[in-house]
Amino acid sequence: MTTTTAVDVRTFRNFIDGNWVPSRSGRTFENRNPADHDDVLGVFQDSTPDDAADAIAAAARAYESWRLVPAPRRAEVVLSAARLIAERKEEFARDMTREMGKVLEETRGDVQEAIDMTSFMAGEGRRQYGQTVPSELRDKFAMSVRQPLGVCSLITPWNFPMAIPSWKIAPALVCGNTVVLKPATLTPLSAVNFVRVLEEAGVPPGVVNLVTGSADVGMRMCTHEAVKVVSFTGSTAVGRLVNQNAAPSFKKVHLEMGGKNIVVVMEDAQIELAVEGCLWGGFGTTGQRCTAASRVVVHEKVYDAFLDAFTRGAKSLRVGNGLGDGAQVGPLVSEAQLETVMKYVDIGVQEGARLVTGGHRLDQGEFGRGWFHEPTIFADADPRMRIAQEEIFGPVVSVMRCRSLDEAISIANDVPYGLSASIYTRDINVAFRAMRDLYTGIFYVNAPTIGAEVHLPFGGTKATGNGHREAGTAALDVFSEWKSIYVDFSGRLQRAQIDTE
Ligand code: NAD
């Protein structure tokens, strides 16, 4: 990481035990605008595993009192945070566009998702329903309640820099846990903005902690003995390490990882609608969404018509600085991400897919100051090609041909991931078969693969996830565990399964 000496650049600190503190390392790193390298957003702490340990210790201490605060009171703090985020939505969205590049309309959506999630979870303060059931024995009462677990390590990626931290922090707090957040090194400012709001909303010291830095900080958060839950969103490769590192101490591990999502366009689809959906699903957020529609499989009867319109649409997308007027596709988040995209374009060409539009970095004029790439479409891709199997995380879509729904389903399922899929059809029977047979965690009919709402479960199958779900009430299952309670008011010993009278 680079160390900066610029005098007028703001320095941001870690938030540990209610105080904004520097890292023990004394080192910092810069956060630069991917649309304009000359724009430095700030300098952030390049923290060490010891900083992570300090934050975990603070969270462990705070847990002893926070877990006893009634859940509706905890939720009121989360609701206050929702209101504060709403007041600052525009400011936070602008910071986020400068920080990671997606266009302003989308960063407003990201902040809105944080508002939605904190508002939704605030309601759970008064629910968190358990069960009351009859006992098999006389004069005995039986129920189940949710209990918090303790310190939660939250490790997040850069593509939804406020939404994803909110998906984790809001349910964790409402359930009575305390947290340590480590955001991606590319997007620390949005995390700082969120944590500041929580501080202002009245979260007590130690309940929420923020440590910026890279992998070694995250690793300590996965191995520390005081941590009870690790909630991770990021790549499958890192998720596997997180899982391995957390396993020896039996932590509850929640993983949300990569995707290779597909849109199926059937012969009876409304082609214009499908094209619009594929443009938004494939190139929105510059293709850097875990749910991005990076594959499209089209019935042979409408293949040419679809491809023609899709290509024209991609050519007409306006690439540019997300803060500028009219830009629809921003830069890649970093030079490394741009290089990955360029590498996959080469792979696609070598594999023999037909490059029908795009395929180049944009670096002339204004573009030269950022990490821009043309929206790119490969046609006639084979489902087994690497470009059709591996997550690229950029504005590259592979279009494939199919002859039937069965073939489309088999292509759709034949990837390592299982996050999101969609189908365009007007045939209800086809839609229901696809809904049932595509093995993903999220499915859309006549809509693209992106666009999840906060009150339904979010997550995927296979190499996308490990069985947990984020968002909705499903998130409560990550951040609480069940306790079954039996109250015997008979005044005598009663033996379950034995005393049957
Ligand atoms: P990444 O895996 O490189 O990093 C994610 C986070 O893990 C970062 O904070 C990073 O610093 C940290 N980290 C890195 N090495 C670590 C280690 N050894 N131990 C602990 N933490 C470590 O991912 P990224 O590049 O930030 O994000 C892109 C990826 O995230 C894509 O694969 C995308 O599909 C995925 N993603 C998934 C979802 C989902 O819900 N399924 C949502 C958004 C993004």
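Now for the sheet that holds strand β23 (residues 481-488). Spatially, β5-β6-β23 is the arrangement adopted by the 3 strands of the open sheet, whose pairing is antiparallel. Two strands bound the open sheet, and with one partner strand each, they are β5 (131-134) and β23. Pairwise comparison of adjacent strand axes, ignoring direction, gives a mean angle of 20° for this sheet. In this sheet, β23 lies alongside strand β6 (residues 140-147) in antiparallel orientation, the contact comprising 8 bridges. Residue Arg146 lies in a different strand from β23, and its bridge partner there is Trp482.

Here we come to the pattern of salt bridges. Pairs can form between side chains of opposite charge once their charged atoms are near each other. Counted according to the given criterion, the structure contains 27 salt bridges. Across the salt bridge formed by Asp477 and Arg146, the nearest N and O atoms sit 2.9 Å from each other. Of this pair, Asp477 sits in helix α15 (residues 474-479) while Arg146 is found in strand β6, placing the two residues 331 residues apart along the sequence. A salt bridge links Lys168 to Glu470; its shortest N-O distance comes to 2.7 Å. Taken together, the residues span a long stretch of sequence, with Lys168 in helix α5 (residues 163-174) and Glu470 in the loop between β22 (461-462) and α15 at a distance of 302 residues. The two residues Lys168 and Glu470 agree in class, both being buried.

Here 7 strands make up an open sheet; going across it, the order is β14-β17-β18-β13-β12-β20-β21 and the pairing mixed. Two strands in the sheet have a free side with no partner beyond their single neighbour: β14 (354-357) and β21 (442-445). Put simply, the sheet's adjacent strands are angled 20° from each other on average, direction ignored. As paired elements, strand β17 (residues 376-379) and strand β18 (residues 396-402) share 3 bridges and run parallel to each other. When the bridges of β18 are listed, Ile377 appears paired with Val397. Where helix α13 (residues 405-413) meets the sheet, it contacts β12 (262-265), β13 (295-299), β18 and β20 (420-424), and its direction lies at approximately 145° from that of β18. The strands that helix α14 (residues 428-437) touches are β20 and β21; relative to β21, the one it contacts most, it runs at about 170°.

Attention shifts here to unusual backbone geometry. Even without glycine at this site, Asp17 takes up a positive phi of about 55°. When you line up the elements, Asp17 lands in the loop between β1 (14-16) and β2 (19-21). Since its relative accessible area comes to 30%, Asp17 is described here as partly exposed. With a phi angle near 50°, Asp139 is a residue other than glycine that sits in the positive phi range. Inspection of the secondary structure assignment puts Asp139 in the loop between β5 and β6. On the basis of relative accessibility, which here comes to 38%, the residue Asp139 falls in the partly exposed class.

This part takes up the nonpolar core. By size, the foremost hydrophobic cluster in this structure holds 69 residues, and its most contacted members are Ile85 and Leu173. Both domains that meet at this core, namely domain 1 (47-257 + 465-484) and domain 2 (262-445), each give it at least three residues. Residues within four places of Leu173 in sequence aside, it is in contact with Trp66, Arg74, Val78, Val179, Leu198, Val203, Val207 and Val208.

As a further point, take the pairing of β21. By the alternation rule, side chains of β21 split into Ile442 and Tyr444, which are all buried, and Phe443 and Val445, of which none is buried. When β20 meets β21, the two strands line up parallel, connected through 4 bridges. Bridge pairing in β21 places Ile423 opposite Val445. Chirality of the crossover, the property in question, places the unit of β20, α14 and β21 among those that are right-handed.

Quick look at the site of the ligand now. Within the structure, the ligand sits among 27 residues, and Thr156, Lys182, Ser235, Met257 and Glu391 are positioned closest to it. Within the backbone of Gly234, a nitrogen or oxygen atom sits 3.4 Å from an oxygen atom of the ligand. The fraction of the free accessible surface of the ligand (850 Å²) that becomes covered by protein chains is 89%. Taken together, the elements giving at least two residues each to the shell around the ligand come down to α7 (215-223), β10 (227-233) and α8 (236-246). Within the shell around the ligand, the residues separate by chemical class into 17 nonpolar, 7 polar and 3 charged. For the shell around the ligand, the two domains that each supply at least three residues are domain 1 (47-257 + 465-484) and domain 2 (262-445).

Take the domain arrangement of the protein chain next. What the domain assignment lists for the protein chain is domain 1 (47-257 + 465-484) and domain 2 (262-445). A separation of 31 Å is found between the C-alpha centroids of domain 1 and domain 2. Each partner contributes to the interface: domain 1 provides 16 residues, whereas domain 2 provides 19 residues. Overall, the association of domain 1 and domain 2 removes approximately 1,400 Å² of surface from exposure, summing both partners, and the carbon and sulfur fraction of that is 66%. Of all residues in domain 1, the largest losses of buried area upon contact with domain 2 belong to Val103, Glu106 and Trp158, amounting jointly to 34% of the total for that side.

Turning our attention to α7. Buried residues of α7: Val217, Gly218, Met221 and Cys222, and no others. Buried residues of α7, viewed axially, fall in a sector of 140°; they line one side. In this fold, the buried residues of α7 make contact with α1 (49-66), β7 (151-155), β8 (178-182), β10 and α8.

The next point concerns a nonpolar patch on the surface. Among the surface-exposed residues, Ile428, Phe432, Met435 and Val445 lie close enough to one another that they form a single nonpolar patch of about 370 Å² accessible area. The greatest single-element share of the nonpolar patch, amounting to 3 residues, is contributed by α14. Inspection of the secondary structure assignment puts Met435 in helix α14.

Further remarks concern the packing of aromatic side chains. The full count for this structure, using the stated rule, is 8 aromatic pairs. Here the aromatic rings of Phe12 and Phe44 are separated by 4.7 Å at their centres, their planes lie at 5°, and the arrangement is stacked. Taken together, the residues Phe12 in the segment before β1 and Phe44 in strand β4 (residues 36-45) connect sequence positions 32 residues apart. For the pair formed by Phe12 and Phe44, the shared burial category is buried. Ring geometry for Trp158 and Phe393: centres 5.5 Å apart, planes at 75°, overall edge-to-face.

Conventions used here
Residues numbered from 1 in each chain as written. Predicted model: local features only at pLDDT ≥ 70, side-chain atom pairs only at ≥ 80, totals over all residues. Heavy atoms only, no water. Pairing = 2+ DSSP bridges. Helix = DSSP H or I, 4+ residues; strand = E, 2+ residues; numbered from the N terminus. Axes fitted to C-alpha atoms, helices over the stretch in contact; angles between N-to-C directions. Salt bridge = Lys/Arg side-chain N within 4 Å of Asp/Glu carboxyl O. Buried < 20%, exposed > 50% of the residue type's maximum accessible area, 1.4 Å probe, protein only. Contact = heavy atoms within 4.5 Å. Core = buried A, V, L, I, M, F, W, Y, C linked by side-chain atoms within 4.5 Å. Domains from an automatic or database assignment. Right-handed = clockwise from strand over helix to strand, strands pointing away. Near = heavy atom within 4 Å. Polar contact = N/O pair within 3.5 Å; in protein donor to acceptor, adjacent residues only side chain to side chain. Areas by Shrake-Rupley, 256 points an atom, 1.4 Å probe, with all protein chains shown as cover. Nonpolar A, V, L, I, M, F, W, Y, C, P; charged D, E, K, R; others polar. Buried area = accessible area lost by both parts, 1.4 Å probe. Arc of directions from axis to C-beta. Patch = residues over 30% accessible without salt bridge, like charges linked within 9 Å, V, L, I, M, F, W, Y side chains within 5 Å. Phe/Tyr/Trp six-rings, centres within 6.5 Å; stacked < 30°, edge-to-face > 60°.

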